[in-house]
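Descriptive structure summary
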Amino acid sequence: MIKKVVANATEALEGVEDDMTFMLGGFGLSGIAENSIAELVRRNVKNVTCISNNAGVDDFGLGLLLQKKQIKKMISSYVGENAEFERQMLSGELEVDLIPQGTLAERCRAAQNGIPAFYTPAGYGTEVAEGKEVREFNGKPHIMEHAFKADFAFVKAWKGDEAGNLIFKGTARNFNPNMCGAAKITVVEVEELVKPGELDPNFVHIPGIFVQRIYQGKNYEKRIEQRTVRK
Amino acid sequence: MLDKNGIAQRIAKEVKDGYYVNLGIGIPTLVANFVRDDIEVEFQSENGILGMGPFPLENEVDPDLINAGKQTITARPGASFFDSAMSFGMIRGQHVDLTILGAMEVSQDGDIANWKIPGKMVKGMGGAMDLVGSAEHIIVAMMHTNKAGASKLLKSCSLPLTGVKCVTKIVTNLAVLEVANGKFKLLERAPGVSVEEIKNATEGEMLVPNDVPEMQL
């Protein structure tokens, strides 16, 4: 079996440097790579570009990197929950590229699947389309979007085995599977790391070929942004 | 005049048996509360669930189960989870039958603006550009005028666009309108609201048929 298991986040993030581009899974705070983010904070890498649907909240998720001014540029679809983000963006300290959510997901998937570019109708006629090639298919205009290029993808899965096979849980899945194999090195943290054979291959969401490093995460907080209940 | 729940209640009548529906944040989320019990409808949330159920009981709350508004939710029997690329495949591929979303402005050509106020508010478009770029049937749920009293139904949008020529129907606190040949067409009046009041609150060109019935909720 190809060795993918590493002891902890410190070992998993070996090779992470300033000025790199990272992909980070998660939707809001659901399914974020809590341990890898903490390690990015500890390593204090600077000037990084983060591809992530959201930017966390002020004191959790990617908000922790924003606080320490580690992020040069964010590529996201929605950043509404973070006051420090807004401050850095409006003051010009932080570069921000806001792109449609489906385009963000597909640019990850394209990178994973070896597709350099694709056409989508999302954003046609808006400022998102500025400077992009427009082409008509079936009478409808589409804009060309490119696959992302990233150095590391930081993914969170529910269960994984030592071969790197992954299973996600609920809506914590979100962008995580699309980012596996979409960067040069994919680092996955899991809530439960098991021996090969313990995951039923029929229920594997992401095969281990897309994963370079996997480790057992710890102390998951899994913070809820909008706890909403019925009586 | 309708309140937010009234708008949601009227839109719920547009939801048909067998529809897969994507509900945006705000008033659209309320639509689920008013869909008839005797039809089968599945709600999609673009963060990766089809078959979204009601909010959980206190002891059912799961941080790994949220909707696109980041609220905790439940999954109905028959629900499924999927990744974001597949979720937007459902949307872009027009497998979702109906999209209901909010707006800051709509133009008489069916353009919509709902993601940015330059210099003031920049939260991002989330999935809205993908939704309006592909959906065949888009209903906008919004108040007819903004907080300053200015019309949100315009000749052309002043804010950065989310999509062009895409809105098919608009339900506001005053009226139901459709976009037809570059004009708003008035279809129904909200209870107690006159055609005159709707005209006064609508900046864009509006076709007014001889008989404009009052909404049935």
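Residues numbered from 1 in each chain as written. Chains lettered and ligands numbered in written order. Predicted model: local features only at pLDDT ≥ 70, side-chain atom pairs only at ≥ 80, totals over all residues. Heavy atoms only, no water.

In the annotation of an unreviewed UniProt entry, chain B is listed under the name Succinyl-CoA--3-ketoacid-CoA transferase and assigned to Psychroflexus salis. What the UniProt record of chain B gives under Sequence similarities (unreviewed entry) is the line "Belongs to the 3-oxoacid CoA-transferase subunit B family." (UniProt positions renumbered as here; feature names shortened; annotations may be inferred.)

The name an unreviewed UniProt entry gives chain A is Succinyl-CoA--3-ketoacid-CoA transferase, with Psychroflexus salis as the organism.

Helix and strand counts for chain B come out as five helices and 15 strands. Whereas a compact globule of 217 residues would reach a radius of gyration of roughly 17 Å, chain B reaches 17 Å, a difference of no more than 12%. Within chain B, the fraction of its 217 residues that count as buried is 56%. A sequence separation of at least 24 residues applies to 61% of the contacts in chain B between residues at least 6 apart. Only carbon and sulfur atoms are counted for the fraction: they give 49% of the accessible area of chain B, which is about 9,000 Å². (Helix = DSSP H or I, 4+ residues; strand = E, 2+ residues; numbered from the N terminus. Rg over C-alpha atoms; globule rule 2.2 N^0.38 Å. Buried < 20%, exposed > 50% of the residue type's maximum accessible area, 1.4 Å probe, protein only. Contact = heavy atoms within 4.5 Å. Areas by Shrake-Rupley, 256 points an atom, 1.4 Å probe, with all protein chains shown as cover.)

Time to look at the interface of chain A and chain B. On the chain B side, the residues contacting the 49 residues of chain A number 49 residues. Between chain A and chain B lies a buried interface of about 4,000 Å² when both sides are counted; carbon and sulfur atoms form 57% of it. Counting the contacts that link chain A with chain B gives six salt bridges. Here Lys169 of chain A and Asp64 of chain B are joined by a salt bridge, their closest N and O atoms 2.9 Å apart. (Buried area = accessible area lost by both parts, 1.4 Å probe. Salt bridge = Lys/Arg side-chain N within 4 Å of Asp/Glu carboxyl O.)

Looking now at the pattern of salt bridges. Two side chains of opposite charge can pair, provided their charged atoms sit close to one another. Applying the stated criterion across every chain, the model contains 26 salt bridges over all chains. Note that Glu145 of chain A and Lys132 of chain A form a salt bridge whose closest N and O atoms lie 3.1 Å from each other. One end of the pair, Glu145 of chain A, is in strand E7 (residues 140–146); the other, Lys132 of chain A, is in the loop between strand E5 (117–120) and strand E6 (134–137), and 13 residues separate them in sequence. For Lys132 of chain A, a relative accessible area of 27% corresponds to the partly exposed category. Here Lys183 of chain B makes a salt bridge to Glu205 of chain B, at a shortest N to O gap of 3.9 Å. Taken as a pair, Lys183 of chain B in strand E14 (residues 183–189) and Glu205 of chain B in the loop between helix H5 (195–200) and strand E15 (206–207) lie far apart in primary sequence, 22 residues in all. Accessibility expressed as a relative area gives 30% for Lys183 of chain B, which makes it partly exposed. Each of the salt bridges in this network shares a partner with another, and the network as a whole consists of Lys156, Lys169, Glu191 and Lys222 of chain A together with Asp62 and Asp64 of chain B.

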